[in-house]
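Secondary and tertiary structure notes
Each chain is listed here by its residues.
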There are 2 protein chains.
Amino acid sequence: MGLIIEGEEDLLVPPFNFSMVERGIYRSGFPNSVNFAFLETLNLKSIVYLCPETYPEENSEFLKNHDIKLFQFGIEGTKDPYVNVPKDTITEALKLLLDVRNHPVLIHCKRGKHRTGTLVGCLRKMQNWCLSSVFEEYQRFAGSKARVTDMHFLERFDVSCLRQCLYGIIYRYHASQNRRLVYKEDSLHQKRITSN
Amino acid sequence: MGLIIEGEEDLLVPPFNFSMVERGIYRSGFPNSVNFAFLETLNLKSIVYLCPETYPEENSEFLKNHDIKLFQFGIEGTKDPYVNVPKDTITEALKLLLDVRNHPVLIHCKRGKHRTGTLVGCLRKMQNWCLSSVFEEYQRFAGSKARVTDMHFLERFDVSCLRQCLYGIIYRYHASQNRRLVYKEDSLHQKRITSN
């Protein structure tokens, strides 16, 4: 939405608990038709939806009309401290978030507190935020509903594995770019090959 | 900072109450030397500082070393409900925020709650957010310290005047651009003048 200064007539209603996370990444509670005019200003390319329930008809219609892709990761919204946050599902959702081809993207669950807060917290760990800052942000959105289970999960979530996987992709990407460059230079300056 | 995936060694510590407001606009509480490594990742061009107190030596040094401009608007941090939020000062700070030449910019006061929250709230009104969403965001950062005086100010703050002023600038800008184009075309295609 940038800094577009709107006209006076139509007030915009962001979804509950809406916020910008990073350039191209937004978070919120469940949006409904009241929020659609606001969502239009974000020019979304995709939505990461973290609940198992079927997406409502009118929301699906909105997505279809605006060519927005829906990625659903069905995570149960439970208060039960013995039910673990599903690590693999969070990791998959995180990979999707990190892929700028999906930006701008909106992450949402129901209240934008627990499932969304956990996923954003994992993203912050990827960005090397210290744990107390990750918790501070989580709590700002969860308020009095903050859950110790989510915070335990965030503390234990190991980003080194995913980081290695991403480095692998970047390395392969650069390697192929480099090979192309070397190949190009090859015909022009034969001597350069050894320095690459 | 985008989505740079940091190395594992140095954990980053964002300032208290840090958040992205919009592309190129951040907010937080008072940063100190612990937060400097994190602030570096934002590539700030300027800081909007909302307290009357002199900026600390080590912060000034950090700004100098990173070529970051400091804009200070000394607003008293008072709980007294009979002391009004200074409308003209907020308006001047808002004009500065809206000028993308100052981006990326960090707004901060002491706790990132009242003065910062009020300025961000005025920005949201400029963006045509409905008042209840402006309040929701203000309260998310102020927590139990939310002040009715700030919320009254936000409700009464009239953006139409500033909007007219901005439209004026944009109009003059386009007019001058146009005049320049006409002037250029003038010598090449005399007939075009009438159609401009």
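This structure is a prediction, so every number in the text was calculated from the model and none was measured.

The subject of this paragraph is the overall build of chain A. Assigned secondary structure in chain A consists of 8 helices and 5 strands. Secondary structure elements in chain A, listed N-terminal to C-terminal, are β-β-α-β-α-β-α-β-α-α-α-α-α. In chain A, which comprises 196 residues, the share counted as buried stands at 47%. A fraction of 64% describes how many contacts in chain A between residues 6 or more apart in sequence connect residues 24 or more apart. Roughly 10700 Å² of accessible area belongs to chain A as shown, and the carbon and sulfur atoms make up 52% of that amount.

It is worth spelling out the relation of the copies chain A and chain B at this point. Overlay of chain A on chain B (RMSD 0.0 Å): rotation 180°, translation along the axis 0.0 Å. The operation mapping one copy onto its partner corresponds to a two-fold rotation axis. Most of the interface of chain A is mirrored in chain B: 100% of its interface residues are interface residues there too.

We now examine the side chain of Lys113(A). Within the element layout of this structure, Lys113(A) appears in the loop between β5 (105–108) and α4 (115–126). Setting aside residues up to four positions removed in sequence, Lys113(A) forms contacts with Phe16(A), Asn17(A), Arg27(A), Tyr138(A), Phe141(A), Ala142(A) and Lys145(A).

Another aspect to go through is helix α2 (residues 57–65) of chain A. All names here are of chain A. Turning to α2, its buried residues number three or more, namely Asn-59, Phe-62 and Leu-63. Seen end-on, α2 carries its buried residues on one side only, within an arc spanning 100°. Residues of α2 that are exposed and angled more than 90 degrees away from the buried face: Glu-57, Lys-64 and Asn-65. Those residues of α2 hidden inside the fold are in contact with α1 (36–40), β3 (46–49) and β4 (69–72).

We now examine the interface of chain A and chain B. Taken together, the contacts link 42 residues of chain A with 43 residues of chain B. Counting each side, the surface lost to burial between chain A and chain B is near 3600 Å², with a carbon and sulfur contribution of 59%. At the junction of chain A and chain B, the tally comes to 0 salt bridges. Our enumeration of links across chain A and chain B arrives at 12 residue pairs in polar contact (both at pLDDT 80 or more). For the side of chain A that touches chain B, the elements supplying multiple residues, two or more each, are β1 (19–22), α3 (87–98), α4, α5 (131–142) and α7 (160–188) of chain A.

This part covers unusual backbone geometry. All names here are of chain A. Cis peptide bonds are those with omega within 30 degrees of zero, and the linkage from His-103 to Pro-104 qualifies with -10°. Mapped onto the fold, Pro-104 is located in the loop between α3 and β5. One non-glycine residue, Asn-43, lies in the positive phi region at around 50°. Following the sequence through the fold, Asn-43 ends up in the loop between α1 and β3. Residue Asn-43 is classed as exposed on the basis of its relative accessible area of 59%.

Turning our eyes to something else, we now look at the packing of aromatic side chains. Overall, the coordinates contain 18 aromatic pairs over all chains when judged by the stated rule. Arranged with centres 4.9 Å apart and planes meeting at 85°, the rings of Phe18(A) and Phe38(A) form a pair that is edge-to-face. Residue Phe18(A) is located in the segment before β1, and its partner Phe38(A) is located in helix α1; the two are separated by 20 residues in the primary sequence. Comparing Phe18(A) with Phe38(A) shows no difference in burial state: the two are buried. Arranged with centres 6.1 Å apart and planes meeting at 70°, the rings of Phe18(A) and Trp129(B) form a pair that is edge-to-face.

A word on the UniProt feature "domain: Tyrosine-protein phosphatase" (unreviewed entry) in chain A. The residues that UniProt annotates with the feature "domain: Tyrosine-protein phosphatase" (unreviewed entry) are residues 17–166 of chain A. Taken end to end, residues 17–166 of chain A comprises 44% helix and 13% strand; its first and last C-alpha atoms sit 30 Å apart.

Take the packing of helix α4 (residues 115–126) of chain B against helix α6 (residues 148–156) of chain B next. Residues and elements named next belong to chain B. Where α4 contacts α6, the two axes come as close as 10 Å, and the packing angle between them is 25°. The orientation of α4 relative to α6 falls into the category roughly parallel. Considering how the two elements wind past one another, α4 and α6 form a crossing that is right-handed. Taking contact as the criterion, the partners of Thr-118, Gly-121, Cys-122 and Lys-125 in α4 are, on α6, Asp-150, Phe-153, Leu-154, Glu-155 and Arg-156. Classifying every residue of the contact of α4 with α6 gives 3 nonpolar, 2 polar and 4 charged.

Criteria and thresholds
- Residues numbered from 1 in each chain as written.
- Chains lettered and ligands numbered in written order.
- Predicted model: local features only at pLDDT ≥ 70, side-chain atom pairs only at ≥ 80, totals over all residues.
- Heavy atoms only, no water.
- Helix = DSSP H or I, 4+ residues; strand = E, 2+ residues; numbered from the N terminus.
- Buried < 20%, exposed > 50% of the residue type's maximum accessible area, 1.4 Å probe, protein only.
- Contact = heavy atoms within 4.5 Å.
- Areas by Shrake-Rupley, 256 points an atom, 1.4 Å probe, with all protein chains shown as cover.
- Least-squares fit on C-alpha atoms with pLDDT ≥ 70 in both.
- Arc of directions from axis to C-beta.
- Buried area = accessible area lost by both parts, 1.4 Å probe.
- Salt bridge = Lys/Arg side-chain N within 4 Å of Asp/Glu carboxyl O.
- Polar contact = N/O pair within 3.5 Å; in protein donor to acceptor, adjacent residues only side chain to side chain.
- Phe/Tyr/Trp six-rings, centres within 6.5 Å; stacked < 30°, edge-to-face > 60°.
- UniProt positions renumbered as here; feature names shortened; annotations may be inferred.
- Axes fitted to C-alpha atoms, helices over the stretch in contact; angles between N-to-C directions.
- Parallel < 35°, antiparallel > 145°, perpendicular 65-115°, else oblique.
- Left-handed = near helix turned anticlockwise from the far one by under 90°.
- Nonpolar A, V, L, I, M, F, W, Y, C, P; charged D, E, K, R; others polar.

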